[in-house]
Amino acid sequence: MSSLPDLVCPAGSLPALKAAVDNGADAVYLGYKNDTNARNFAGLNFDAKSMAEGVRYAHAKGREVLMAINTFPQAGRTADWHAAVDGAVDQGVDAIILADIGLLDYATRKHPQQRLHLSVQGSATSYEAINFCQREFGVRRAVLPRVLTLAQVEHVIKNTSVEIEVFGFGSLCVMNEGRCWLSSYACGESPNTVGACSPAKYVKWDKKPGAMETRLNGILIDRFGDDEPAGYPTLCKGRFEVQGEIYYALEEPTSLNVLELLPDIIKIGVKAIKVEGRQRSPTYVAQVTRTLRAALDAARDSAERFHVKPVWQAELAKVSEGSQATLGAYNRPWR
Amino acid sequence: MNGNFTIPKFKLPDFVASLGQKLPQWPHALVLVGALNAALKMKLLPESELAMLEDKLFRVRVLDTGGEASYTYRQGLFRPVFRPERDPDLAFAANLSAFLQLLARQEDPDTLFFNRELEITGDTELGLIVKNMLDAVEWPKLPRLPLASS
């Protein structure tokens with residue numbers, strides 16, 4: 001039988017990191033307070049001091065710390081990204097999660113002993129791409145983009161010795177991972193350039209009688225009735241008029257939830273399950289970590305008799321964006 | 001906060017709000033500002049983010065009690081604003097139960113926002129700064145109050 005995957009949980013702040021560790025995460029991932037990571041939101045993330053404390057806290061309890069440096073170095077500022085990599089090594093993190101090939105090259109030359117993971121933003125969906133990163137940069141783990149079916153994930157695992165990490169819970173977007181420029185179309189800034197999708201300074205929530213309007217840099221993204229669940233203000237989750245009809249033309253606000261598939265995910269040999277949400281509060285981190293920990297432990301104790309408890313589903317449904325959850329691409333018939 | 005104690009979602013009857021609106025609003029503002037200044041004194045709030053709050057006008061409205069408080073941050077202190085002369089830079093509105101759940105860290109603000117139980121209007125980036133600043137605070141463990149045993 002395969003071993004239980006690591007539960008990798010998000011930490012946007014020190015209290016969130018502690019919430020993840022205290023509720024059963026095997027690893028936490030975090031980033032600096034700057035544009036070297038893809039959750040570069042005002043007031044979020046770690047400076048050197050809080051990171052040192054976070055690393056100390058996690059290591060004292062035998063958990064791993066993974067540092068996301070998962071944006072692409074901008075022209076003329078490569079030194080900032082190099083400094084982030086050097087800083088992560090100094091902090092003694094267990095692994096650095098990188099997306100950019102130039103940065104992978106820098107990290108493996110400068111710090112040959114440092115464990116490196118390939119970020120989901122690296123957008124490697126085939127074992128050929130993953131094995132290339134292993135051969136050239138010594139990558140030890142790859143986080144798969146959320147576009148593969150479970151059978152395709154299994155195919156990748158069978159053809160590589162690189163550890164495979166998949167997403168298990170969290171908000172979904174249009175998932176053109178590492179290559180999405182939709183946010184830039186609206187406001188000139190996107191995750192790959194400034195480390196944030198739909199930066200808050202461009203977002204306006206406008207309360208009108210009976211409805212709330214969301215605008216991104218003046219562009220109307222959606223209009224929610226008073227009882228309709230809301231979502232993040234991204235273009236990919238907007239409702240637009242297309243040939244006379246108004247609907248979610250790209251993607252509905254929704255969350256991924258793989259509880260039902262846990263026994264299969266364990267069986268095919270997935271090494272780690274990632275929870276999305278560094279932008280969420282310590283409360284969310286505690287709720288989701290606790291729930292997935294309970295589900296994973298139940299699956300370990302008895303894979304055959306594993307069933308999803310309604311209380312787990314209810315807890316995860318409550319914190320979901322758009323108040324609906326899907327199995328994402330994992331169980332789609334198309335390839 | 002005691003892990004066994006949970007705050008249920010509730011809404012007070014409408015007459016409470018209409019009554020609440022007729023009561024003076026200054027006690028809410030004083031309590032809120034007092035709590036924020038206590039957090040300042042304990043150095044729980046980071047200075048880099050506090051600088052971004054300078055002279056901003058905030059409003060917190062409790063929908064089902066009809067209570068409302070406005071305050072600002074100026075020269076190192078939170079100060080109540082009893083007669084705001086302009087629209088707030090950032091406004092929060094929710095029922096009492098949602099605010100209590102937030103304060104007790106029982107629910108996540110994004111969850112409440114998605115479910116339309118928390119309304120945030122005004123400067124969105126300022127809202128994010130405030131949210132993330134409060135999320136990053138490590139509240140000291142409160143001493144257990146001898147309520148039940150006495």
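Residues numbered from 1 in each chain as written. Chains lettered and ligands numbered in written order. Predicted model: local features only at pLDDT ≥ 70, side-chain atom pairs only at ≥ 80, totals over all residues.

A tally of regular secondary structure across chain B gives six helices and five strands. If you list the helices and strands of chain B from N to C, you get α-α-α-β-β-β-β-α-α-β-α. Sorting the 150 residues of chain B into buried and exposed places 30% on the buried side. Sequence separation of 24 or more characterises 71% of the internal contacts of chain B that already satisfy a separation of 6 or more. (Helix = DSSP H or I, 4+ residues; strand = E, 2+ residues; numbered from the N terminus. Buried ≥ 20, exposed ≤ 12 C-beta atoms within 10 Å, placed from the backbone. Contact = placed C-beta atoms within 7 Å.)

On a plain count of helices and strands, chain A comes out with 11 helices and 15 strands. The C-alpha atoms of chain A give 19 Å as radius of gyration, which agrees with the globular expectation for 335 residues (20 Å, within 12%). For chain A, the C-alpha atoms occupy an extent of roughly 60 × 55 × 40 Å along the three principal directions. Sorting the 335 residues of chain A into buried and exposed places 50% on the buried side. (Rg over C-alpha atoms; globule rule 2.2 N^0.38 Å.)

Residues and elements named next belong to chain A. Counting residues in hydrophobic clusters, the biggest one holds 127 residues, and the most contacted among them are V28, I69 and I96. Residues lining this core come from more than one domain, with at least three contributed by each of domain 1 (6–172 + 254–331) and domain 2 (182–248). Apart from residues lying up to four places away in sequence, V28 is in contact with C9, A11, L17, A20, V21, A58, R63 and V65. (Core = buried A, V, L, I, M, F, W, Y, C linked by C-beta atoms within 7 Å. Domains from an automatic or database assignment.)

Before going further, it helps to spend a moment on the domain arrangement of chain A. Residue and element names in this part refer to chain A. Looking at the assigned domains, one finds that chain A contains domain 1 (6–172 + 254–331) and domain 2 (182–248). If you average the C-alpha positions of domain 1 and of domain 2, the two centres end up 26 Å apart. If you look at the interface, domain 1 gives 14 residues, while domain 2 gives 10 residues. Tallied by class, the residues present in the side of domain 1 that touches domain 2 amount to four nonpolar, eight polar and two charged. (Nonpolar A, V, L, I, M, F, W, Y, C, P; charged D, E, K, R; others polar.)

Once that is clear, we can look at the environment of T160 of chain A. Residue and element names in this part refer to chain A. Here T160 shows up in the loop between α6 (150–158) and β7 (163–171). Judged by C-beta crowding, with 18 C-beta atoms within 10 Å, T160 ranks as partly exposed. Through-space distance from the C-alpha of T160 to that of V319 is 35 Å; in sequence the pair is 159 residues apart. Dropping the residues within four chain positions of it, T160 is found in contact with Y127, I130 and N131.

Before going further, it helps to examine the interface of chain A and chain B. Listed by partner, the interface residues are 29 residues for chain A and 24 residues for chain B. Of all elements in the fold, only α1 (14–22), β8 (203–208), α10 (282–301) and α11 (310–319) of chain A reach the threshold of two or more residues within the side of chain A that touches chain B. Here the side of chain A that touches chain B takes four residues from β8 of chain A, the largest share from any one element. Among the residues making up the side of chain A that touches chain B, the classes are represented as 14 nonpolar, seven polar and eight charged.

Right, let's talk about helix α2 (residues 48–60) of chain A for a bit. Residues and elements named next belong to chain A. In this model α2 runs 18 Å from its N-terminal to its C-terminal C-alpha over 13 residues, within 8% of the 18 Å that 1.5 Å per residue would give. Within the span of α2, buried status applies to M51, G54, V55 and A58. Looking straight down α2, one finds that the buried residues subtend no more than 100° of arc, so they occupy a single side. Structural note: α2 exposes K49, R56 and A60 on the side pointing more than 90 degrees away from its buried face. The positive-phi residue at the C-terminal boundary of α2 is G62, with phi of around 75°. (Expected span 1.5 Å × (residues − 1). Arc of directions from axis to C-beta.)

With that settled, the discussion passes to the sheet that holds β8 of chain A. Residues and elements named next belong to chain A. As summarised here, the arrangement of the three strands in space is β8-β9-β10, forming an open sheet in which the pairing is antiparallel. At either margin of the open sheet sits one strand with a lone partner, and together these are β8 and β10 (219–225). Across the sheet, the mean angle separating the axes of adjacent strands is 20° when strand polarity is ignored. Bridge count for strand β9 (residues 211–216) against β10 is six bridges, and the pairing is antiparallel. Residue E213 lies in a different strand from β10, and its bridge partner there is R223. (Pairing = 2+ DSSP bridges. Axes fitted to C-alpha atoms, helices over the stretch in contact; angles between N-to-C directions.)

Time to look at the environment of P282 of chain A. Residue position: P282 of chain A is located in helix α10. The class of P282 of chain A is buried, set by 24 C-beta atoms lying within 10 Å. Sequence separation of P282 of chain A and A11 of chain A is 271 residues, and the distance between their C-alpha atoms is 7.9 Å. When near neighbours in sequence (up to four residues on either side) are disregarded, P282 of chain A contacts S13, P15, A16 and A19 of chain A together with R105 and D135 of chain B.

Further remarks concern the packing of α10 of chain A against α11 of chain A. Each pair of packed helices gets described by two things: the angle between the helix axes and the distance between those axes. Residues and elements named next belong to chain A. The contact between α10 and α11 brings their axes to 10 Å, and the two run at 150°. Judged by the inter-axis angle, α10 sits roughly antiparallel to α11. As for how α10 packs across α11, the hand of that crossing is left-handed. Where α10 approaches α11, its residues Y284, Q287, V288, T291, A294 and A295 are matched on the opposing element by W312, E315, L316 and V319. Among the residues making up the contact of α10 with α11, the classes are represented as seven nonpolar, two polar and one charged. (Parallel < 35°, antiparallel > 145°, perpendicular 65-115°, else oblique. Left-handed = near helix turned anticlockwise from the far one by under 90°.)

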